[in-house]
Amino acid sequence: MNPIVAWDHLLFRSVNTGLANPFFDVLMPFLRYGPIWIPLYVFFGVFLIYNFRWKGLYIILFGALALIASDQLCAGIIKPLVHRLRPCYDPDMTGQVRLLLSSCGGQFSFPSNHASNHFAIALFLISIFPKKIKWLKPALLVWASLIAFSQVYVGVHFPIDVICGAIIGSFLGVLFATICKVVAGIDLDKEIELP
């Protein structure tokens, strides 16, 4: 077995079974459940439109484009090309996966869409919002990292899947934020005054 794959399998088992505990068994499936994050997205949308009007709409549009690009690149292009099996489908992992979901999901796992999509949103918002809002960057990075970690903990992704997904999503988030700033002339550092 390739040493990188062996390391990835070892790290997967360390997280999936080595860190197993009743609290994480409830929290991690909950974190990866998309609809629970809808209030957060609605809050950002309302905040942006209320405070920045048409610029807020541009930000929402480009944030949605970053998310769509992330999702389609990972699910529509990379996964069908790479064909890496999820831990729960991988014959080398038979009997070693603690699956905490009712279903394993699609057959292929590389890269993780959950990790890519949430890091795309996180890095987009970090890049758009003013650096003066110091709590936002760590809060968004912790949020995206917990969702990425949960993919391994519940047994549907290997660590390399989520690491690469996070890198792809981060790149796309920054890229679309940069395009948004140029196209719409948005610089929230100049528009939000903080004490």
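Everything quoted here is computed from the prediction, not taken from an experiment. (Residues numbered from 1 in each chain as written. Predicted model: local features only at pLDDT ≥ 70, side-chain atom pairs only at ≥ 80, totals over all residues. Heavy atoms only, no water.)

As for the overall build of the protein chain
Counting secondary structure elements, the protein chain contains 8 helices and 0 strands. Ordered by position from the N terminus, the helices and strands of the protein chain form the series α-α-α-α-α-α-α-α. The C-alpha atoms of the protein chain give 18 Å as radius of gyration, which agrees with the globular expectation for 195 residues (16 Å, within 12%). The principal-axis extent of the C-alpha atoms belonging to the protein chain is close to 55 × 35 × 25 Å. A buried classification covers 44% of the 195 residues belonging to the protein chain. The contacts of the protein chain with a sequence gap of at least 6 include a subset with a gap of at least 24, amounting to 82%. (Helix = DSSP H or I, 4+ residues; strand = E, 2+ residues; numbered from the N terminus. Rg over C-alpha atoms; globule rule 2.2 N^0.38 Å. Buried < 20%, exposed > 50% of the residue type's maximum accessible area, 1.4 Å probe, protein only. Contact = heavy atoms within 4.5 Å.)

Thoughts on the packing of helix H2 (residues 22–31) against helix H6 (residues 136–153)
Between H2 and H6, the least distance of the axes is 8 Å, while the angle of their chain directions is 120°. For the pair H2 and H6, the crossing hand works out as left-handed. On H6, the residues that touch Phe24, Asp25, Met28 and Leu31 of H2 are Leu146, Ile147, Phe149, Ser150 and Tyr153. (Axes fitted to C-alpha atoms, helices over the stretch in contact; angles between N-to-C directions. Left-handed = near helix turned anticlockwise from the far one by under 90°.)

Focus on the nonpolar core
Counting 47 residues, the largest nonpolar core has Phe124, Phe129 and Trp143 as its most contacted members. Among the elements of the structure, helix H1 (3–16), H2, helix H3 (38–52), helix H4 (54–82), helix H5 (113–128), H6 and helix H7 (159–184) are those that each provide at least two residues to this core. (Core = buried A, V, L, I, M, F, W, Y, C linked by side-chain atoms within 4.5 Å.)

Description of the side chain of asparagine 113
Looking at the element boundaries, asparagine 113 is found in helix H5. Polar contacts involving the side chain of asparagine 113 include one to the side chain of aspartate 71, which spans 2.8 Å. (Polar contact = N/O pair within 3.5 Å; in protein donor to acceptor, adjacent residues only side chain to side chain.)

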